[in-house]
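# Understanding the architecture of this molecule
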Amino acid sequence: MPDASLHQLRQVFGFEAFRGEQAAIVAHVTAGNDALVLMPTGGGKSLCYQLPALLREGCGIVVSPLIALMQDQVEALRLLGVRAAFLNSTLDGATAASIEQELLAGELDLLYVAPERLLTPRFLSLLDRARIALFAIDEAHCVSQWGHDFRREYRELTVLHERWPDVPRIALTATADPPTQVEIAERLQLEEARRFVSSFDRPNIRYAVVQKDNAIRQLRDFLAGHAGEAGIVYCLSRRKVEKTAAALVDLGIDALPYHAGLDAETRATHQRRFLREDGVVIVATIAFGMGIDKPDVRFVAHLDLPKSLEGYYQETGRAGRDGEPADAWMCQGLGDVVLLRQMIEQSDSGEERKRLERRKLDALVAYCETMRCRRQVLLSSFGEDYPRPCGNCDNCLEPAETWDATVAAQKALSCVYRSGQRFGAAHVIDVLRGSDNERIRQFGHDRLSTHGIGSELDARAWRSVFRQLVASGLLEVDAEGYGSLRLTDASREVLTGGRQVMLRKEAPRRSGRERPSRG
Ligand code: ADP
Ligand code: ZN
């Protein structure tokens, strides 16, 4: 049939054709079946429930954790002539009551609700009296305890299925890693639902990682390739957000800070300026970004390690939604790894969670240090096979030069050993380079046989060696989180000369992409 869904797609949304899996998903849900949709940010998830809601009788109930996102979506839908509304804490009683009346009168196609509101006995009984087309559970990864967006109320959404077993449910997320997928299916009782997994590749995003040296200067050089363009710079702490934003403003860049410590009004103003104006750079903690739909974000820069590779993929996924070239750039150093390890070890989480977080951090460090195509590494961590090197990441564009670092690695490892495996990289490097400072004398490390055996490399080169040794498992950072280095089982092989160590040469890389300057 020249089917109704295609007709609506063109008539209502003004799109010529479905994208990727959209057509199959829409058909599946419209027919009354459950679905679990995994699609990258910008892939077109909203349509997958909006269209079935129009095609089925009754109102589609959309559970969404983000108030700002709800409002934007509802506004956009109304402009298209769709009878949409939202219910959340920002509405006054009278407005909320009139929306409820519309729902009961069958005058709504789509109703967005915050989970905590949906779950109130009052609202559930209201739904009993309404005709429901479907339930859409947006940002479904919020049900995952291990994710960074965990929302307790999401756990209770199983009530929807129990109370209305015949109403189709569609859960959607851009979180790609397989364990989270399994957890979503279990927690939402969607094991039987058909899964629609789209490719998570974002071909227009160019990935690059540089080794941290002087972060602000490196960021400045990177931003020089993005003059006048909108982008997001992520930092780990509020303090660093403030500092970085101020430094960028000093450089004449239209930068604004965003973090949970700012009052709501300032945050809203900064977000609005970023969305509406051209060329605003937001410097933010990860508090910023979920649900931000700005198509022309040209870059996402990380000045600190993100929390996990999936987190990184989501954060960088905010760049280039319009399909035009965009950069995902990260500036990373061993200190970040040590800091994140400390945060894991010193947290109150249970052992199971800590183990999981350590594994996530390891995957992230491996991504940073890889000499392979970064896209291949990223996608394979999401269980997706990318057949050939992508040609659009730093490692593809400028393959790393390697050097035989076996001797340097032996020196490094034996120096860690001789100094008692109780010190961090900075101190061990001082010993290797034969420095004469108070700390060295205090511990008698000027008398070690390894004192001064590494003067052929400068401190920066040694930092690179240590970072890569940690990343490749030839050294480990202590679990207590003080940053001290210890040998591993694999170290022995190197020390006994049984293993060659090839490391990446740290040539000062061009940061970012080369662009013709704009007039
Ligand atoms: P997601 O929720 O997966 O991040 P959205 O639903 O916000 O993605 O869609 C991303 C963008 O793609 C939006 O601007 C949307 O209008 C557009 N879009 C979605 N489906 C189509 C389509 N079939 N054809 C053209 N544009 C589409
Ligand atoms: Zn590549």
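The following refers to the structure shown. (Residues numbered from 1 in each chain as written. Chains lettered and ligands numbered in written order. Predicted model: local features only at pLDDT ≥ 70, side-chain atom pairs only at ≥ 80, totals over all residues.)

## A closer look at the overall build of the protein
Scanning the protein from N- to C-terminus turns up 22 helices and 17 strands. Relative to the globule expectation of 24 Å for 519 residues, the C-alpha radius of gyration of the protein, 26 Å, shows essentially globular dimensions. Principal axes of the C-alpha set define a box for the protein whose edges measure 85 × 55 × 45 Å. Taken across its 519 residues, the protein has 45% of its residues classed as buried. In the protein, of all internal contacts separated by at least 6 residues, the share reaching a separation of at least 24 is 73%. (Helix = DSSP H or I, 4+ residues; strand = E, 2+ residues; numbered from the N terminus. Rg over C-alpha atoms; globule rule 2.2 N^0.38 Å. Buried ≥ 20, exposed ≤ 12 C-beta atoms within 10 Å, placed from the backbone. Contact = placed C-beta atoms within 7 Å.)

## A look at helix H10 (residues 215-224)
Along H10, the residues that are buried comprise Gln-218, Leu-219, Phe-222 and Leu-223. Buried residues of H10, viewed axially, fall in a sector of 135°; they line one side. The inward-facing, buried residues of H10 abut strand S8 (205-211), strand S9 (231-234), strand S12 (299-302) and strand S13 (326-332). (Arc of directions from axis to C-beta.)

## A short note on helix H19 (residues 425-432)
For H19, a buried count of seven out of eight residues is recorded, marking the element as mostly surrounded by other parts of the structure. Buried residues of H19: Ala-425, His-427, Val-428, Ile-429, Asp-430, Val-431 and Leu-432, and no others. Against the buried residues of H19 lie helix H14 (334-346), helix H18 (406-418), helix H20 (438-442), helix H21 (459-471) and strand S16 (485-487). Of the residues trailing H19, Gly-434 is marked for its positive phi of about 75°.

## Let's talk about the pairing of S8
Among the seven residues of S8, seven are classified as buried, and the element is accordingly described as predominantly covered. Relative to S13, S8 runs parallel, the two sharing seven bridges. Bridging from a neighbouring strand, Tyr-207 pairs with Ala-328 of S13. (Pairing = 2+ DSSP bridges.)

## Brief notes about the sheet that holds S13
Within the open sheet, the six strands sit side by side as S8-S13-S12-S9-S11-S10. Their pairing is parallel. The open sheet is flanked by S8 and strand S10 (255-258), the only strands paired with a single partner. Across the sheet, the axes of successive neighbouring strands diverge by a mean angle of 15°, strand direction being ignored. With four bridges joining them, S9 and strand S11 (residues 281-284) adopt parallel strand pairing. Counted as the bridge partner of Tyr-234 is Ala-284 from S11. (Axes fitted to C-alpha atoms, helices over the stretch in contact; angles between N-to-C directions.)

## Considerations on the packing of H14 against helix H15 (residues 351-369)
Interhelical geometry of H14 versus H15 gives an angle of 170° and a closest axis separation of 10 Å. It follows that H14 is roughly antiparallel to H15 by the angle criterion. Here H14 contributes Val-337, Leu-340, Arg-341 and Ile-344 to the contact with H15, which in turn contributes Lys-354, Glu-357, Arg-358, Leu-361 and Val-365. Here the contact of H14 with H15 is composed, by residue class, of five nonpolar, no polar and four charged. (Parallel < 35°, antiparallel > 145°, perpendicular 65-115°, else oblique. Nonpolar A, V, L, I, M, F, W, Y, C, P; charged D, E, K, R; others polar.)

## Things to note about the environment of Asn-214
Of note, Asn-214 is situated in the loop between S8 and H10. Judged by C-beta crowding, with 10 C-beta atoms within 10 Å, Asn-214 ranks as exposed.

## Observations regarding the pairing of S13
In terms of burial, S13 is a largely internal element, seven of the seven residues being buried. Judged by which residues are buried, S13 turns out to be covered on both faces: Ala-326, Ala-328, Met-330 and Gln-332 on one side and Asp-327, Trp-329 and Cys-331 on the other are all buried. Two elements, S12 and S13, share four bridges in a ladder whose sense is parallel. Within S13, the residue paired with Ala-301 across the bridge is Trp-329. With helix H13 (residues 309-316) bridging S12 and the parallel S13, this β-α-β connection has right-handed handedness. (Right-handed = clockwise from strand over helix to strand, strands pointing away.)

## What about the nonpolar core?
Counting residues in each nonpolar core, the largest one holds 86 residues, and the members touching the most others are Ile-282, Val-283, Ala-409 and Ala-412. In this structure Ala-412 touches Leu-432, Val-465, Phe-466 and Leu-469, once residues within four positions along its chain are discounted. Formed by 56 residues, the second largest nonpolar core is a distinct cluster that contains Val-62, Leu-77, Val-167 and Leu-190. (Core = buried A, V, L, I, M, F, W, Y, C linked by C-beta atoms within 7 Å.)

## Focus on unusual backbone geometry
If you check the backbone angles, Glu-139 has positive phi at about 50° while not being a glycine. Mapped onto the fold, Glu-139 is located in the loop between strand S5 (132-137) and helix H8 (158-163). A positive phi angle is found at Gln-421, which is not glycine, with a value near 55°. Tracing the sequence through the fold places Gln-421 in the loop between H18 and H19. Judged by the 15 C-beta atoms lying within 10 Å of it, Gln-421 is partly exposed.

## Some details on the packing of H18 against H19
Close contact between H18 and H19 brings their axes to 10 Å; oriented N to C, the two are set at 110°. With respect to H19, the axis of H18 lies roughly perpendicular. Only Val-428, Val-431 and Leu-432 of H19 make contact with H18, whose side of the interface consists of Lys-411, Ala-412, Cys-415 and Val-416. Of the residues assigned to the contact of H18 with H19, the class counts are six nonpolar, no polar and one charged.

## A closer look at the sheet that holds strand S1 (residues 35-38)
Across a sheet, strands are paired by hydrogen bonds formed along the backbone, either parallel or antiparallel in direction. On the basis of which strands lie adjacent, the open sheet formed by seven strands has the order S3-S4-S2-S5-S6-S1-S7 and parallel pairing. Unpaired on one side and paired on the other, strand S3 (84-87) and strand S7 (194-197) mark the two borders of the sheet. Strand-to-strand twist across the sheet, computed as the mean angle between neighbouring axes with direction ignored, equals 20°. Of the strands in this sheet, S1, strand S2 (59-63), strand S4 (110-113), S5 and strand S6 (169-173) touch helix H3 (residues 46-55), which is tilted by about 175° from S5. On the sheet, helix H5 (residues 93-104) packs against S2, S3 and S4 and is oriented at approximately 130° with respect to S3.

## Observations concerning the environment of Leu-339
For Leu-339, the location among the structural elements is in helix H14. Distance in space between the C-alpha atoms of Leu-339 and Ala-171 is 35 Å, their sequence separation being 168 residues.

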